[in-house]
Amino acid sequence: MNPSADAAPILALRGLRKRFGAVVVADGIDLAVRAGEALGVLGPNGAGKTTLFGMVTGTVRPDAGTVMFEGRDVTALSPARRCRQGMARSFQVPQPFAGLTVFENLVAAASFGAGEGERATYDRCAAILERCGLMARANERAGGLRLLDRKRLELARALATRPKLLLLDEVAGGLTESECAVLVDLVREVRAGGVTVVWIEHVLHALAAVADRVVVLHGGRLIAEGRADEVVRVPAVAEVYMGIPVDA
Amino acid sequence: MSAAPAAPAQVSHGTRASRIGLPLFLLLLVALAAAPWWTDRQGMRLLGEVYAYAALASLWNLLAGYSGLVTVGQQAFVGLGAYVLFSAALLFGVNPLWGIPAAGLLGALAAVPVAALTFRLRGAYFAIGTWVVAEVFRLLAAQFTALGGGSGTSLPASVVASIASGRAAREQLLYWLALGLAVLILAAILLLLRSRHGLALAAIRDNEVAARSCGIEVDRTRLAVFVVASGGAAMVGALIFLQKLRISPDAAFSVNDWTALVIFIAVIGGIGRVEGPLIGTALFFLLRETLSQLGSLYLMVLGAVAIAVMLLAPRGLWGVLADRLGWQVFPLARRLEPRAPPLGTAPPPTTRHALAGADHENRGDTR
Ligand SMILES: Nc1ncnc2c1ncn2[C@@H]1O[C@H](COP(=O)(O)OP(=O)(O)OP(=O)(O)O)[C@@H](O)[C@H]1O
Ligand SMILES: [Mg+2]
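Computed from a prediction, not measured in an experiment: that's the story for all the values here.

Quick word on the sheet that holds strand β2 (residues 23-34) of chain A
Residue and element names in this part refer to chain A. Spatial ordering of the open sheet is given by β2-β1-β4-β5, a layout of four strands whose pairing is antiparallel. With one partner strand each, in any of the chains shown, β2 and β5 (72-73) form the two edges of the open sheet. As paired elements, strand β1 (residues 9-20) and strand β4 (residues 64-69) share five bridges and run antiparallel to each other. Opposite R17, over in β4, you have A64 as the bridge partner. Where helix α1 (residues 49-57) meets the sheet, its contacts fall on β1, β2 and β4, and the angle it forms with β1 comes to roughly 120°.

In structure tokens:
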């Protein structure tokens, strides 16, 4: 891939490889993400998108290759260290701290992920809850939330860690048209605040509204790159998506 | 972060219930501290036992209920503490009272290699692993001929006399020590849970992968709580056997006495709440004191109670009270209070700052 030379990449992946048994989910992935960029990631089910996020954030160990974050090799660092250095992710299948309240979920992430004293995080956590539409649920146990609120919590909790690089894994799935518009606004606003965003999403119009650039992952390789509207017209991509309804 | 929104977020830790419950609890503590004036030796002995179990059950709850470390090897540290105290007194001539902090220190130290061995294991395997470690401790103690090997030993009269002058004074002192140690352990647990590390523990318990991804050092946090809890259990063990004046490997490392009963107490009281083990202890001793003349039927009643609680109230007795009636003694909650509605036509608070990225100069990985 080919980032413009003027901005140093905040994230650079070099030769990432990963296989689960016989399934190759990453077959030498090279990718650079510029600071401040919003990158979309497309790819059919099972393409290895979530695994890629796992390798970037440290929950999945690559078989080979390196992950560079802000110019430093973080491949050997724990997920916790990477988070404190400024990476945050949402999980495709929401992973709330079920026994804590929604507010406490954020305070935990804010305090440890951003390295702030607990009290110092309260205002910011409250503001994030407000912005993510979770204020009414602030004092409810996260384990009791319905799916939509769980997804909101994923995003809110990731924001609470004060990321420089925010990795979103299918946060728009299942949202109504208007909910999706609210989400798009929110991600744009986050990005305007200086956060680099990498967003895996099947909901193409949401991605197109935010991403400057989209890459397509298939069979463990990046098979296409470009603006969202260009990428879907690449023959290889059309083929991959043949028969798969893409909400465009 | 400069431009804060209009009103700062209000977070309250207590509830109306805890504003009633906490003073009541403190009142109870004062009454218990005065027990030497309102009860006899028998009563003081019984209460001393109650405090030991309340402390052990609270520590077990900290591990299992708050940190996801379901151990059945707590007796390893109870026994270790007891043996440290007896060794210090019999082999090195140390005043047995100093044996209690020494036991805490060595128990905490011993927890490090035990954690190194058992933390690789998950769930049921971790539980079994801790039990195996405790059995190894017991077998080692049985080889300890200086303290009577497998049959154990007693504290000689001269050592007993060095605790305090006269039997009444000694029993009073041990009573207050038992109460003081239980309060100390409870206070330490409360402070831990009130801090952000309490949130980290719960986060780890609920979802390890997510906790790591939110910047929480899972292994380090777990190790720290295991070390602290083990040191606490060792101090309690030292004090229990200082009251008994006699030690043996089977008694000191008894899985029944120091883990099975402790789990029973935590389960009936309610795991994952600080109040649970305290209520469970009270309930257990109530059952034991009223039913012990029933002989083996007593154990069957205990079993039936445990099963009934697990089926009907899996969150324990306190869990039911807390869920249904909102009861709470200790102000551990973090309730975000709704902001006061803006006066007049004040503009909505700006929230943009909350979503902004970290400022890149002021933030590094400093830990
Ligand atoms: N821990 C694992 N062990 C074995 N196989 C795995 C594991 N994680 C993922 N896989 C497999 O790797 C492949 C890629 O999975 P991944 O979740 O990364 O895909 P994805 O692109 O995120 O798909 P989706 O769009 O469905 O979320 C799938 O075939 C999946 O079954
Ligand atoms: Mg996925």
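Side note on helix α14 (residues 275-291) of chain B
Residues and elements named next belong to chain B. Taking 1.5 Å of rise per residue, 17 residues should cover 24 Å, and α14 covers 24 Å from first to last C-alpha, within 8% of that figure. Along α14, the residues that are buried comprise E275, G276, P277, G280, T281, F284, F285, L287, R288 and L291. Buried residues along α14 sit in contact with α3 (41-67), α13 (255-269), α15 (296-312) and α16 (316-325).

Some points on the pairing of β1(A)
All names here are of chain A. Looking at chain direction, β1 and β2 are connected through nine bridges and run antiparallel. Considered in β2, the bridge of P9 is made with R34. Count of turn residues in the β1/β2 antiparallel hairpin: two residues, of which G21 carries a positive phi of about 60°.

Brief notes about the packing of aromatic side chains
Pairs of aromatic rings are described using the distance from one ring centre to the other and the angle between the two planes. Scanning the model with the defined rule gives 17 aromatic pairs over all chains in all. Both rings, one in B:F241 and one in B:W258, keep their centres 6.0 Å apart while their planes meet at 75°; by these two values the pair is edge-to-face. Of this pair, B:F241 sits in helix α11 (residues 218-244) while B:W258 sits in helix α13; the two residues are 17 residues apart in sequence, bridging distant segments of the chain. Residue classification places B:F241 among the buried positions, given a relative accessible area of 1%. Chaining the aromatic ring pairs together yields one cluster made of B:F77, B:Y83, B:F119, B:F126, B:F137, B:F226 and B:F253. The aromatic ring of A:F112 is capped on one face by B:R196, whose charged end is 4.3 Å from the ring centroid. In this structure, B:K244 is placed above the aromatic ring of B:F241, and the distance from its NZ or CZ to the ring centre is 6.0 Å.

Overview of the coordination of the magnesium ion (ligand 2)
As a benchmark, a tetrahedral metal site with four donors has ideal angles of 109.5 degrees, while an octahedral site with six donors has ideal angles of 90 or 180 degrees. The protein atoms that coordinate the magnesium ion (ligand 2) are A:T50 (OG1) and A:Q92 (OE1), at distances of 1.9 to 2.0 Å. Here A:T50, found in helix α1, pairs with A:Q92, found in the loop between β6 (87-89) and α3 (102-113); they are 42 residues apart in sequence, far enough to count as distant.

Topic: the interface of chain A and chain B
Chain A puts 57 residues into the contact, and the matching count from chain B is 44 residues. Summed over both partners, the interface of chain A with chain B comes to about 4400 Å²; 57% of that surface belongs to carbon and sulfur atoms. Run the count over chain A and chain B and you get three salt bridges. For A:R84, the salt bridge is made with B:E217, and the minimal N-O distance between the two is 3.2 Å.

So, the pattern of salt bridges
Residue and element names in this part refer to chain A. Summed over all chains, the structure comprises 36 salt bridges over all chains. A salt bridge links R227 to E230; its shortest N-O distance comes to 3.3 Å. Residue classification places R227 among the partly exposed residues on the basis of a relative accessible area of 46%. With relative accessibility at 37%, the residue E230 sits in the partly exposed group. Members of the salt-bridge network, linked through shared partners, are R137, E140, R146, D149 and R152.

Examining the sheet that holds strand β10 (residues 221-226) of chain A
Residues and elements named next belong to chain A. Read from one edge to the other, the open sheet built from six strands follows the order β6-β7-β8-β3-β9-β10, with strand pairing classed as mixed. Each edge of the sheet is formed by a strand with only one pairing partner; in this case those strands are β6 and β10. In this sheet, neighbouring strand axes are inclined to one another by 20° on average, regardless of whether the strands run parallel or antiparallel. In this sheet, strand β8 (residues 196-200) lies alongside strand β3 (residues 38-42) in parallel orientation, the contact comprising four bridges. By the bridge assignment for β8, V41 is matched with I200. On the sheet, helix α6 (residues 177-192) packs against β3, β7 (165-169) and β8 and is oriented at approximately 150° with respect to β8.

Some remarks on a nonpolar patch on the surface
Residues and elements named next belong to chain B. A cluster of nonpolar side chains, namely L91, F92, V94 and W98, defines an oily patch on the protein surface of about 470 Å² accessible area. Locating W98 in the fold gives a position in helix α5 (residues 96-118). On the basis of relative accessible area, W98 is assigned to the exposed category, the value being 61%.

Focus: the state of the cysteines
Residues and elements named next belong to chain A. Taken as a whole, this structure holds zero disulfides over all chains when the rule is applied. Of the cysteine sulfurs around C132, a residue in no disulfide, the closest is that of C125, at 11 Å. Owing to a relative accessible area of 7%, C132 belongs among the buried residues under this scheme.

Concerning helix α9 (residues 196-206) of chain B
Structural remark: α-helix, 3.6 residues per turn; residues separated by three or four positions point the same way. Taken residue by residue, α9(B) has B:G198, B:L199, B:A200, B:L201, B:A202, B:A203 and B:I204 as its buried positions. In this fold, the buried residues of α9(B) make contact with α3 of chain A together with α3, α8 (167-194), α10 (208-213) and α11 of chain B.

Some thoughts on empty space enclosed by the protein
Residues and elements named next belong to chain B. All told, the structure shown has five cavities of 30 Å³ or more when counted by the stated rule. Counted as a void, the largest cavity has a volume near 90 Å³. As for the largest cavity, its lining consists of 13 residues, and the residues nearest its centre are T71, G73, Q74, F77 and F226. Mapped onto the lining of the largest cavity, the elements with two or more residues apiece are α4 (74-92), α6 (123-142) and α11. The element best represented in the lining of the largest cavity is α11, accounting for four residues. Looking at the lining of the largest cavity, its residues break down into eight nonpolar, five polar and no charged.

Conventions we followed
- Residues numbered from 1 in each chain as written.
- Chains lettered and ligands numbered in written order.
- Predicted model: local features only at pLDDT ≥ 70, side-chain atom pairs only at ≥ 80, totals over all residues.
- Heavy atoms only, no water.
- Pairing = 2+ DSSP bridges.
- Helix = DSSP H or I, 4+ residues; strand = E, 2+ residues; numbered from the N terminus.
- Contact = heavy atoms within 4.5 Å.
- Axes fitted to C-alpha atoms, helices over the stretch in contact; angles between N-to-C directions.
- Expected span 1.5 Å × (residues − 1).
- Buried < 20%, exposed > 50% of the residue type's maximum accessible area, 1.4 Å probe, protein only.
- Phe/Tyr/Trp six-rings, centres within 6.5 Å; stacked < 30°, edge-to-face > 60°.
- Lys NZ or Arg CZ within 6 Å of the ring centre and 35° of its normal.
- Donors = N, O, S within 2.8 Å, 3.2 Å for Na, K, Ca; no water.
- Buried area = accessible area lost by both parts, 1.4 Å probe.
- Salt bridge = Lys/Arg side-chain N within 4 Å of Asp/Glu carboxyl O.
- Patch = residues over 30% accessible without salt bridge, like charges linked within 9 Å, V, L, I, M, F, W, Y side chains within 5 Å.
- Areas by Shrake-Rupley, 256 points an atom, 1.4 Å probe, with all protein chains shown as cover.
- Disulfide = S-S within 2.5 Å.
- 1 Å grid on protein atoms, 1.4 Å probe; cavity = no way out; pocket = protein on both sides within 12 Å on 5 of 7 lines; lining within 4 Å.
- Points joined across faces, edges and corners; volume = space filled by probe spheres on them.
- Nonpolar A, V, L, I, M, F, W, Y, C, P; charged D, E, K, R; others polar.

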